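# Examining the three-dimensional arrangement
Chain by chain, the residues:
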Amino acid sequence: MDFDVLIIGGGVAGMSCALVIGSAMEKPYAENRKAGIILHQKSSHLQSALLKNVFGIEPGTAGGEVLKKGMIHLENLYPAMEIIKKEKVKGVEELEEGFRVITNKAEYTASKIVVAVGYTSPFRISGLEQYLIPHKKAKVSKNRIQLRNEDHLVKPGLYVAGTLAGWRSQFAIASGSGAAVATDILTDWNGEHTKVHDKLT
Ligand SMILES: Cc1cc2nc3c(=O)[nH]c(=O)nc-3n(C[C@H](O)[C@H](O)[C@H](O)COP(=O)(O)OP(=O)(O)OC[C@H]3O[C@@H](n4cnc5c(N)ncnc54)[C@H](O)[C@@H]3O)c2cc1C
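Residues numbered from 1 in each chain as written. Predicted model: local features only at pLDDT ≥ 70, side-chain atom pairs only at ≥ 80, totals over all residues. Heavy atoms only, no water.

### Notes on the overall build of the chain
Secondary structure summary: the chain contains three helices and 12 strands in total. A globule of 201 residues ought to have a C-alpha radius of gyration of about 17 Å, and the chain, at 16 Å, matches this closely. Its C-alpha atoms give the chain principal-axis dimensions of roughly 45 × 45 × 35 Å. Counting every position in the chain, which comprises 201 residues, the buried fraction comes to 48%. The contacts of the chain with a sequence gap of at least 6 include a subset with a gap of at least 24, amounting to 61%. (Helix = DSSP H or I, 4+ residues; strand = E, 2+ residues; numbered from the N terminus. Rg over C-alpha atoms; globule rule 2.2 N^0.38 Å. Buried < 20%, exposed > 50% of the residue type's maximum accessible area, 1.4 Å probe, protein only. Contact = heavy atoms within 4.5 Å.)

Printed below as a string of structure tokens:
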């Protein structure tokens, strides 16, 4: 397998998931693990947001700035998280073990994948159609979609995060959803409940 975990989507949920997993890559339970993110940010809903109501973010910050800084943060602090830029996922194939992720430029295999591409319809990734349902927490007139899941798990190894998991569209909710998936994956790797905290010395 190319990756133990591959995150698809570099918006709020995908970035949050990548930062938490990235922060654990030097832990013993992550030894020899390979993690990556297909960091496509162009169509993130955050690109058109002006944030005033998000805890920890300076009121009046443009969403695009948060996305750009998030990528630099990830690159500088957690280089073990492989960043794949300028690729868009076209399809996902379920293998006997794991998944094949097909982009417009390459193919990758991964034991686990996290799909965090937002709740916009139509859904343009082939191979996941059987999990698509109408979004349960958005206006029907908006025609939003989600992947059927239980606590972010669609099926073993296949996770969904952010608005595509059925959450309402707020920055903090999407971010928390991505972080929740990250800790579920770390918990699986570690064999016991796991979180990653840095402390003041
Ligand atoms: C105009 C506007 C204003 C907003 N204002 C606020 C606000 O003031 N406060 C607040 O809390 N929230 C606000 N939000 C909501 C917030 O932006 C969303 O809740 C959040 O972006 C959802 O995160 P997500 O990760 O689910 O999706 P997104 O952030 O949309 O991320 C999805 C990511 O997937 C990528 N992607 C899509 N398709 C593919 C593919 N095929 N392959 C690879 N990558 C792909 C996209 O490029 C994108 O980066 C606002 C939203 C909008 C539209």
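From this point, the narrative continues.
### A look at helix 3 (residues 171–190)
For helix 3, built from 20 residues, the straight-helix expectation of 28 Å at 1.5 Å per residue is met to within 8% by its first-to-last C-alpha distance of 28 Å. Taken together, the buried positions of helix 3 are occupied by F171, A174, S177, G178, V181, A182, I185, L186, T187 and W189. Of the surrounding secondary structure, the elements contacted by the buried residues of helix 3 are strand 1 (3–8), helix 1 (12–22), strand 3 (50–51), helix 2 (63–77), strand 8 (107–115) and strand 12 (158–160). Positive backbone phi, at 80°, marks G191, one or two positions downstream of helix 3. (Expected span 1.5 Å × (residues − 1).)

### Some details on the site of the ligand
In the vicinity of the ligand, 31 residues are found, and the nearest of them are H40, S44, T163, S169 and Q170. H45 is positioned such that a nitrogen or oxygen atom in its backbone is 2.8 Å from an oxygen atom of the ligand. Within the side chain of T163, a nitrogen or oxygen atom sits 2.7 Å from an oxygen atom of the ligand. At the level of secondary structure, the elements contributing two or more residues to the shell around the ligand comprise helix 1, strand 3 and helix 3. Split by residue class, the shell around the ligand holds 14 nonpolar, 15 polar and two charged. (Near = heavy atom within 4 Å. Polar contact = N/O pair within 3.5 Å; in protein donor to acceptor, adjacent residues only side chain to side chain. Nonpolar A, V, L, I, M, F, W, Y, C, P; charged D, E, K, R; others polar.)

### Quick look at helix 2
In this model, helix 2 (15 residues) spans 21 Å end to end at C-alpha, consistent with the 21 Å of a helix rising 1.5 Å per residue. Listed in full, the buried residues belonging to helix 2 are G63, G64, L67, G70, M71 and L74. Buried residues of helix 2, seen end-on, are gathered within an arc of 125° and therefore sit on one face of the element. Opposite the buried face of helix 2, by more than 90 degrees, sit the exposed residues K68, K69, N76 and L77. (Arc of directions from axis to C-beta.)

### Describing a positive patch on the surface
A surface patch of positive charge is lined by K42, K88, K90 and R124. By the secondary structure assignment, K90 is in strand 6 (residues 89–94). Judged by its relative accessible area of 48%, K90 is partly exposed. (Patch = residues over 30% accessible without salt bridge, like charges linked within 9 Å, V, L, I, M, F, W, Y side chains within 5 Å. Areas by Shrake-Rupley, 256 points an atom, 1.4 Å probe, with all protein chains shown as cover. Salt bridge = Lys/Arg side-chain N within 4 Å of Asp/Glu carboxyl O. Lys, Arg positive; Asp, Glu negative; His and termini not counted. Charge placed at Lys NZ, Arg CZ, Asp CG, Glu CD.)

### Things to note about the nonpolar core
Grouped together as the largest cluster of nonpolar side chains are 29 residues, with contacts concentrated most on I21, L74, V114 and W189. If you list the elements that add at least two residues to this core, you get strand 1, helix 1, strand 2 (35–38), helix 2 and helix 3. Among the elements that make up this core, the one with the highest residue count is helix 1 (six residues). For W189, the contacting residues outside a window of four places in its chain are D4, V5, I21, M25, Y29, A30, R33 and K112. Formed by 24 residues, the second largest nonpolar core is a distinct cluster that contains I84, F99, A110 and L147. (Core = buried A, V, L, I, M, F, W, Y, C linked by side-chain atoms within 4.5 Å.)

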